[in-house]
Amino acid sequence: MSYVPGQPVTAVVQRIEIHKLRQGDNLILGFSIGGGIDQDPTQNPFSEDKTDKGIYVTRVTEGGPAEIAGLQIGDKIMQVNGWDMTMVTHDQARKRLTKRNEEVVRLLVTRQSLQKAVQQTMMS
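Residues numbered from 1 in each chain as written. Predicted model: local features only at pLDDT ≥ 70, side-chain atom pairs only at ≥ 80, totals over all residues. Heavy atoms only, no water.

As named in an unreviewed UniProt entry, the protein chain is Tax1-binding protein 3, taken from Callipepla squamata. Recorded in UniProt for the protein chain, the comment headed Function (unreviewed entry) runs: "May regulate a number of protein-protein interactions by competing for PDZ domain binding sites." (UniProt positions renumbered as here; feature names shortened; annotations may be inferred.)

Listed below in structure tokens is the structure:
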């Protein structure tokens, strides 16, 4: 799915709620991200046309809060706790996800398998 600035975004999304795991003074989400408007989209392995500057999940810790919640490698993060994530830098995305005063992170994500399932349903 590519995004054209100034055009509406059409995506099939899934809601995922992650309860952060407390380890000492840290709250752990159990996943890593890549991408952002300040990154080179040609290096994004999840961008089909190599122009997408979205925020993608690049790693999910086995047995961690993100995996338990259903997050998958390759998921594109569209929103975090209601904040739009389609036009943010990598650092802005990281800060939005790791806010100390938020023990629950509510994501809207899209993934290629969701998009393809809806397209197949519409074609049948």
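1. A word on the overall build of the protein chain
The secondary structure content of the protein chain amounts to 3 helices and 8 strands. Listing the helices and strands of the protein chain from first to last along the sequence gives β-β-β-β-β-α-β-β-α-β-α. Looking at the protein chain alone, contacts between residues at least 24 apart form 66% of all its contacts between residues at least 6 apart. On the protein chain, roughly 7,600 Å² of surface is accessible, and the fraction owed to carbon and sulfur atoms is 50%. (Helix = DSSP H or I, 4+ residues; strand = E, 2+ residues; numbered from the N terminus. Contact = heavy atoms within 4.5 Å. Areas by Shrake-Rupley, 256 points an atom, 1.4 Å probe, with all protein chains shown as cover.)

2. Some thoughts on unusual backbone geometry
Within the chain, N81 stands out as a residue other than glycine whose phi angle is a positive 45°. In this structure N81 comes out as partly exposed when scored by relative accessible area, which is 23%. (Buried < 20%, exposed > 50% of the residue type's maximum accessible area, 1.4 Å probe, protein only.)

3. Comments concerning the side chain of T86
Positionally, T86 belongs in the loop between β7 (83-84) and α2 (90-97). A distance of 2.9 Å separates a polar atom in the side chain of T86 from a polar atom in the side chain of D84. (Polar contact = N/O pair within 3.5 Å; in protein donor to acceptor, adjacent residues only side chain to side chain.)

4. Regarding the confidence of the model for the protein chain
Averaged over all residues, the pLDDT of the protein chain is 86; the fraction at 70 or higher stands at 81%. Of all secondary-structure elements in the protein chain, the lowest mean pLDDT belongs to helix α3 (residues 112-123), at 56, while helix α1 (residues 65-69) reaches the highest, 97. (pLDDT = per-residue confidence, 0-100.)

5. Comments concerning the side chain of R111
Tracing the backbone shows R111 in the loop between β8 (104-110) and α3. In terms of polar contacts, R111 uses its side chain to reach the backbone carbonyl oxygen of G70, at 3.1 Å.

6. Quick notes on the nonpolar core
In this structure, I18, F31, L71, I77, L97 and L107 are the most contacted members of the largest nonpolar core, which totals 19 residues. Elements that contribute at least two residues to this core include exactly β1 (14-19), β4 (31-35), β5 (55-60), β6 (76-80), α2 and β8. Excluding anything up to four places from it in sequence, L71 contacts I16, I18, F31, V57, V60, A66, L107, V109 and R111. (Core = buried A, V, L, I, M, F, W, Y, C linked by side-chain atoms within 4.5 Å.)

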